[in-house]
Structures are given as structure tokens and as C-alpha cells.
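A closer look at the structure
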Amino acid sequence: MTRFTMLDGAATIGGTKLLFEAGMSPDSTRLLFDFGLSYATMGAYFEEFLTPRTSAGLTDYLTTGLLPKLRFYRSDLTALLHEMQPELAGQLADPGHIDACFITHAHVDHTGSISFLDETIPLYATPVTAAVLRAVEETQSSPSPENAVTEFILRPNLGANTHGQRNLVDLTGPMQFPDCRVTPFPVDHSIPGACAYLIEYDGGTLVYTGDLRFHGRMGHVTESSIKEIAAAHPDAVLIEGTNLRSIEGSSDHDTAFHRRFAFWSEQEVEAKALEEIQAASGLVMADFGMKDLDRLMTFQRVAHATGRRLAILPRDAYIVRLAQEAGYSTVDLADPDLVLYLKRAGSGTYDKGDIKQDWARLTLLRFAGSDPGSVDPKERRHAVKDVLNGSCPRIVRAAEVAAHQSDYLLSLGYWDVQELCDLRPSRSSLYVHSSAEAFNEEMSWSQERLARWLDLAGMDSVHIHASGHAPQEDLFRIVERLAPRHVYPIHTEHAERYVERFGDTVILVENGQGVTLAR
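The text that follows walks through the structure, step by step, so that each part is easy to find.

Basis of the calculations
- Residues numbered from 1 in each chain as written.
- Predicted model: local features only at pLDDT ≥ 70, side-chain atom pairs only at ≥ 80, totals over all residues.
- Heavy atoms only, no water.
- Helix = DSSP H or I, 4+ residues; strand = E, 2+ residues; numbered from the N terminus.
- Rg over C-alpha atoms; globule rule 2.2 N^0.38 Å.
- Buried < 20%, exposed > 50% of the residue type's maximum accessible area, 1.4 Å probe, protein only.
- Contact = heavy atoms within 4.5 Å.
- Areas by Shrake-Rupley, 256 points an atom, 1.4 Å probe, with all protein chains shown as cover.
- Lys, Arg positive; Asp, Glu negative; His and termini not counted.
- Charge placed at Lys NZ, Arg CZ, Asp CG, Glu CD.
- Salt bridge = Lys/Arg side-chain N within 4 Å of Asp/Glu carboxyl O.
- Pairing = 2+ DSSP bridges.
- Right-handed = clockwise from strand over helix to strand, strands pointing away.

**Structural notes on the overall build of the chain**
Tallying secondary structure elements over the chain gives 17 helices and 23 strands in all. In terms of C-alpha radius of gyration, the chain reaches 24 Å, essentially the compact-globule figure of 24 Å for 519 residues. Dimensions of the chain, computed from the C-alpha atoms along their principal axes, are close to 70 × 55 × 40 Å. A buried classification covers 58% of the 519 residues belonging to the chain. Expressed as a percentage of contacts within the chain between residues at least 6 apart in sequence, the contacts between residues at least 24 apart total 71%. Carbon and sulfur atoms form 50% of the exposed surface of the chain, whose accessible area is close to 21200 Å². Taking the 47 positively charged and 71 negatively charged side chains of the chain as two groups, their mean positions are separated by 4 Å.

**Notes on the pattern of salt bridges**
Taken as a whole and judged by the stated rule, the model has 27 salt bridges. Between D422 and R344 there is a salt bridge whose closest N-O contact spans 2.8 Å. Placement of the pair is D422 in helix α14 (residues 420-423) and R344 in the loop between β17 (338-341) and α11 (358-367), with a sequence separation of 78 residues. E496 is paired through a salt bridge with R497; the nearest N and O atoms lie 3.3 Å apart.

**Quick notes on the pairing of β17**
Every second residue of β17 is oriented toward a common face, with L338 and L340 on one face and V339 and Y341 on the other, all of them buried. When strand β16 (residues 309-312) meets β17, the two strands line up parallel, connected through three bridges. Residue I312 lies in a different strand from β17, and its bridge partner there is L340. In this fold, the crossover linking β16 to β17 by way of helix α10 (residues 314-325) has right-handed handedness.

What follows is the structure, encoded as C-alpha cells:
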């Protein structure tokens, strides 16, 4: 008997956790697909200064439903739970041995709870997704349970910060198990490396679409993959439905932006951004997801067209480099008009002591024209001193940008908004918000607070965005082309839209509900 269970994310946008079981015997293959953080559940119980206690291990996460009550978590966390909360530990059901976890893409709502999984469960992702996950993990300033993937701090933490590790494998083709086969198919999304999965088992086939669209720069990849998957005649499809809702949002989300434009292609975003930025004579700031490398390419093209230099953070440059090394084509880091923007750090100046991580030193040295491989790792801390003195043309600071505002398109966002105090935007400066609002895939933030900052700086503002997810018509077209016997909507708050269109073919599922797949 083959079945799947939506552990989370059945009727919410995000928090996706899918368990696939090829059979019910102890030896049957059991696979997880994604293991994300649920923003809905997190927001229901926690906020900025009310967060799950890392010192309590699994307790807060299991109690609030952020994690399913199953026995497949890290050995150190499991031992701590048995010691501190034996009654709660006894409530965990045994799902059987988990053979692997397959990741569709590197957004937090699909990966943000992986740190809790048993460290012996191997993780599989496309090479680009794996590269992005590694880059984000390496560049984070304050590791937490929600953003650790390959490395984690063992609990209880007795002050030594002892680390554990898990295996993240680059998936370059089909993965064969004794009783099933998993094949990744690349798709376009608002992050590089995304894929759908075709799961072939004895007597049937199941498709999990992950998050996808046709209207991005890589839309042709989605088109090709849907064609190939349709040729396999899948019996069942688990399909996202993020945009089965109004794309306009509500009035509660209109406070920060003077004008709003929602498009269904990346080319339309580029054209509108070009129009708006051409009309701005002061500083331009563009705010978009740091992992959206296609949107980064859009703003590099706009910067070229408007005669501006695109300034990005060292972290963003590092993510680009690792994604490129994994095979993803995006912005040219050697472009002389692409520069690094340095923020002031702990010293209050621009001191070599503020550059604490080796990835940052390597990035600075490359932009300064040095070969970091020729510098002994122990000497890199001293080597960056010469590139922090303001003399390197491809490394800029707030004073340089403030003095030549019309020369720059600065890629900074909500979490960098304090930089406005140093940048002192002139008249006719523009803030371009170019990512999702009501369903922000990476973080929650206050538009009211952003609006106050923009008013304080006297900046005009505009929202220009194309969704990372397919619109309703395209989602319906996917179902029609795949022609499955059963459709299971997930990652949506409006699954009824599929029912209205496809009737009894659609089966609605709930979190924790096991669904037997017909042979």
C-alpha cells in the first residue's frame, strides 16, 4: 500500500512537509519532500521578541505544532526531550525509518525546519539549490534552528558550541530506491535551482510540483519539464496554489508605496522599473529577495540602461558566485559597473576586524582585483585592510554613494533601512520594492514601519513585482496537460478553486491525513 501524508502545508502557503511511503512494511522506502517553516503557525504563537526557546530544544516547536509529533528528529534533541519532557516525548509516533529528504528549492517555507531532522537522513537537492543553501548558511550572522541545514549546534549547549553535521547531496538525476524512483525536473521560480519531483512506485506515479511559474526568465524550463512529466502519464498530482487568491492584496498592505504595479512577466517588471528609475534624479534603492537572482539580473540590466552602477552587499555577491559555480547563469560579477556596498559594523568605522568571516574576505579581495587564492588564509584578515580604506573603485561606502547619488542603484531592503541615515537621499530619490507583500516568502516585516522611514528620508516609493508563483490560469493548464486521475491541492488557502474547475478529480487533504494512492 503506497501512500503520502501532508505533515504540514496542506491548507497554508508555506510550511510544506510531505511524507511519502512506498509501502507499509518496515523495509519500505519512506521519503520526505521539503521540511519547511510554517509562517502561519509561527505568526500565530510568536513574534519578533517572543520566539521559540532554543534552550528548550524541540519542546516549543512540538507543543505549538511547528513540528509534527513524529520520531525522526536529531538524536541530541530527542535525548534532551526525553530528559526534560518525557510525557511529550511519549506522544511522538514512529513513522518508520526515513531514507532521504528531497528539497524542491531553498525558500525558508520549504527548508526552514530541516535543522531538526535526524542527522542520519541524507538531504538531496539540485546542485544550484544546494549551493544557495550552503551560501546562505555560511553568510548568516546569527545561526538559529530555522536557518541551519548542513551544520547545527548540539543540545544541550554547555558553552562549547559543539557542532553536528548532516549530508547535503547534489542531485543531478534520478534517484533509485528498492521500491520507488525519484526524478527531479527543473522549474522556474523566484529562486534559482527549483524543481518538481516525479515519484514512480509499483503501480503508479505521483508528481509533486513544488513552487513554479512560466512567466520568469526561466519559464521555458517549466514548459519543458511539464511536457516531459505529462509523457509519464502521472496518476496523481500534488500541486501548489499560492495564487488562487486576489493578486491585489488588501488595503492593509498599501501603506508603504505611493504606486503599485503587479505584472505577470519579468520583462514587464524590467520595463516598468526602467521607466520609474529613468525619472528619478537622486538615489535609487531596490528591495527584493536576496535569493532572487533573476530579479537581480533585471536590476543589473536597468542599471546599465540608466547609466547607474549597481551596488550589492558582499553576502549577495557570495550567493551569486556559488550559484554560478553550480551552473546557474546570472549577473556578471566581473562587470566594472557592479560594485560592493559596505555597511558600517561593530567598530563604527570600516575596520578589518569587522570582517570576521572568510567568505566576506574572499569576496572583498576578488572585487578589489586580487587573487584570494594567492593569499594565505591566515593573512586574509590583514589583506582586507588595504581594500577598506575607500581607495578601491569597486567597493563603496555610504559617503561615496551619498555624494554621487544619481550614479547608483543600490540593492538594499527593509532590514538595511537604517542606512538611509548615512545615505541622506536627495530630492527625487526612489525606493523600489520588488518582492511579495502579503505572502512574503522569506520574512515578515512591517510596511507601516517602512513607510515611516521613507517619509523620514523624503523618498518616493513604488511597488513593482511579478509573482514567483503561477497564476490561476497557468495552474489549471498544468492540471489539464498532466491529466491525472487525482489532484491534491497544497500550498494554498483556496483549494476550492481547483474543485470548482475539476470537480471530483480533486481531493482535499488535511495536515496529518494519510492518503492511499490507488494502483
